[in-house]
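Now for the letters of each chain:
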Number of protein chains: 2
Amino acid sequence: MTSKPNVRQPSHVACRDCSLSSLCLPLALSLQDIDQLDRIIKRGRPLKKGEHLFLEGDPFTSVFAVRSGAIKTYTATNEGEEQITSFYLPSEILGLSGMDTDVYPVSAQAMETTMICEIPFDQLETLSDRFPELRRHMMRLMSKKIREDQQMMMLLSKKNADERIATFLINLASRFRRRGFSSQSFRLSMSRNEMGNYLGLAVETVSRVFTRFQKNGLIYAVGKEIEIRDPVQLCSLAGGKSVDLEQIISSA
Amino acid sequence: MTSKPNVRQPSHVACRDCSLSSLCLPLALSLQDIDQLDRIIKRGRPLKKGEHLFLEGDPFTSVFAVRSGAIKTYTATNEGEEQITSFYLPSEILGLSGMDTDVYPVSAQAMETTMICEIPFDQLETLSDRFPELRRHMMRLMSKKIREDQQMMMLLSKKNADERIATFLINLASRFRRRGFSSQSFRLSMSRNEMGNYLGLAVETVSRVFTRFQKNGLIYAVGKEIEIRDPVQLCSLAGGKSVDLEQIISSA
DNA sequence: ATACGACTTTGAGGCCACTCAATGACGTCC
DNA sequence: GGACGTCATTGAGTGGCCTCAAAGTCGTAT
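Small disclaimer: the values here were computed from a predicted structure and weren't measured.

A. Expanded view of the relation of the copies chain A and chain B. Note on the identical chains: chain A maps onto chain B by a rotation of 180° and an axial translation of 0.0 Å, with an RMSD of 0.0 Å. Both chain copies can therefore be described as sitting about a two-fold axis. Taken as a fraction of all interface residues of chain A, those also at the interface in chain B reach 100%, which identifies the copy contact as same-surface.

Written out as structure tokens, the structure reads:
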């Protein structure tokens, strides 16, 4: 499997030294407070592609931050097929939706080799009692998730295939940009199948739209490598009032 | 405007005397604690059908509990149409999704005459500092909302018209049941149009499915009055693993 | 009682995305 | 290096839901 050498990356980086800390932690925490948080974080071995972080129904114990790689969460439909509910990129936090049921309502699986910071929830709650800012941060995270899910519902109920894929690409671009990477050229961590599953489209439709976008000069795609050639038009296709869109355009 | 006498209902009922308190408040709060919460709650005049509780973009100041009536939240699509994001029935809490943006991301409108308890958020946060249980309750609420939204995403991306409407009816029934009302016979507070909008279907499709369900003896519907005739089959159509379904069946 | 508007129902026709099927490209393992 | 499995692409045909249109029903106001 791993005949290639691993990307060189220390497996234990303290929060205060982590390049993602400004994205995943509340800004108001002092260095001292961060060290306290740091102490409760568990950093496991890297997950290989296909390995699970947790399974649907597992007891809810922790929330997780992605350090590198990519995670998808999914649940099983009645017919036993998988329905992907979210993709998580580095600096993003997952697992919060299990909080009120004491079990994870979805499974979480690595889409590529992935490093994770695990934050035991009971300790996080204890810490939250002392740092109101940490608590507000978590509530903001959940509030944000709710808004994002509602954007997704809008996409699923009102947008056609072209608009869905344009929206998805713009959204990914915006998330890469936020982490300091290029928003015009990046690598998709998911297959066409997974993309279609997430967007409520058949694989074939995803493929056709990609081909059409490429013919029209909107994107240039080779396999999982994507280059956004016409961000303005792609954004206008994606529609939406999200500030993301303007940021992408402005960075073009 | 108000030629009709108002529905007789005291406009100021303390939380400890409210029949919905066991649904909307954390159980662990003592009577004394509840009285503290009670003191910060603002109870305004009833909203008439069509009146807004808040508008998309309004500054986020409060969360709200529905005491009676029904509220819908919606946002505007790019083309300026309305996209309904949720329906709220008595005892349910809305407004939490505005927390991380400082403005409400949706508009909230009364679908019928509605009474509301308003909870100023800054005071709620202050109170939360003292009562960890209250805080956890709010986080659980948000966590639950996330799970519900993900069920909705599943509905929108995988279910056909029949399944969507069956799911919707079963879900409503379950919510009525939870409040002690009949889960087999109730009144829809939304129009066919609003239902279709929410479920990602055209009005005509909703109407056709209702007609078909009625022909097949699944439901009996006259206008907004609904009777569920065959809960077992309706549940099986709705699919899903939700415990709601079993509860409805068992109460049939 | 009547008239009006809003909502609902029903029908006819068309389109978008799905399904099925086959081929092509890629990466992996002997 | 060749064979295999997985993934992606492309084409043909179908079907579910949407759109457009019209008639029917309900509630409300005058």
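B. Examining the protein's contact with DNA strand D more closely. Taken together, the neighbourhood of DNA strand D is formed by 16 residues, with Arg-208 and Thr-211 of chain A together with Ala-161, Glu-204 and Thr-205 of chain B sitting nearest. Among the atoms of DNA strand D close to the protein, meaning within 4 Å, 55% are from sugar or phosphate groups. In this structure, Ser-207 of chain A approaches DNA strand D through a side-chain N or O atom, which is 2.9 Å from a phosphate oxygen. Residue Thr-211 of chain A places a side-chain N or O atom 2.6 Å away from a phosphate oxygen belonging to DNA strand D. Of all the elements, helix 7 (residues 203-215) of chain A adds the most residues to the surface near DNA strand D, at four residues. When the residues that make up the surface near DNA strand D are grouped by side-chain class, the tally is three nonpolar, seven polar and six charged.

C. Summary view of the packing of helix 2 (residues 31-40) of chain A against helix 3 (residues 121-130) of chain A. Residue and element names in this part refer to chain A. Between helix 2 and helix 3, the shortest axis-to-axis distance is 10 Å and the interhelical angle comes to 165°. Overall, the two elements helix 2 and helix 3 adopt an arrangement that is roughly antiparallel. By crossing handedness, the relation of helix 2 to helix 3 is classed as right-handed. Contacts from Gln-36, Leu-37 and Ile-40 of helix 2 reach helix 3 at Gln-123, Leu-124, Leu-127 and Arg-130. Across the contact of helix 2 with helix 3, the residue classes tally to four nonpolar, two polar and one charged.

D. Spatial organisation of the sheet that holds strand 10 (residues 219-222) of chain A. All names here are of chain A. Spatial strand order, 9-11-10: three strands in an open sheet with antiparallel pairing. Across the chains shown, the open sheet's two edge strands, defined by having one partner strand only, are strand 9 (185-187) and strand 10. Ignoring strand direction, the axes of neighbouring strands in this sheet form an average angle of 15°. Sheet topology places strand 9 next to strand 11 (residues 225-228); three bridges connect them, and they run antiparallel. Each residue of the ladder has a partner; that of Phe-186, found in strand 11, is Ile-226.

Definitions and cut-offs
Residues numbered from 1 in each chain as written. Chains lettered and ligands numbered in written order. Predicted model: local features only at pLDDT ≥ 70, side-chain atom pairs only at ≥ 80, totals over all residues. Heavy atoms only, no water. Least-squares fit on C-alpha atoms with pLDDT ≥ 70 in both. Contact = heavy atoms within 4.5 Å. Near = heavy atom within 4 Å. Polar contact = N/O pair within 3.5 Å; in protein donor to acceptor, adjacent residues only side chain to side chain. Helix = DSSP H or I, 4+ residues; strand = E, 2+ residues; numbered from the N terminus. Nonpolar A, V, L, I, M, F, W, Y, C, P; charged D, E, K, R; others polar. Axes fitted to C-alpha atoms, helices over the stretch in contact; angles between N-to-C directions. Parallel < 35°, antiparallel > 145°, perpendicular 65-115°, else oblique. Left-handed = near helix turned anticlockwise from the far one by under 90°. Pairing = 2+ DSSP bridges.

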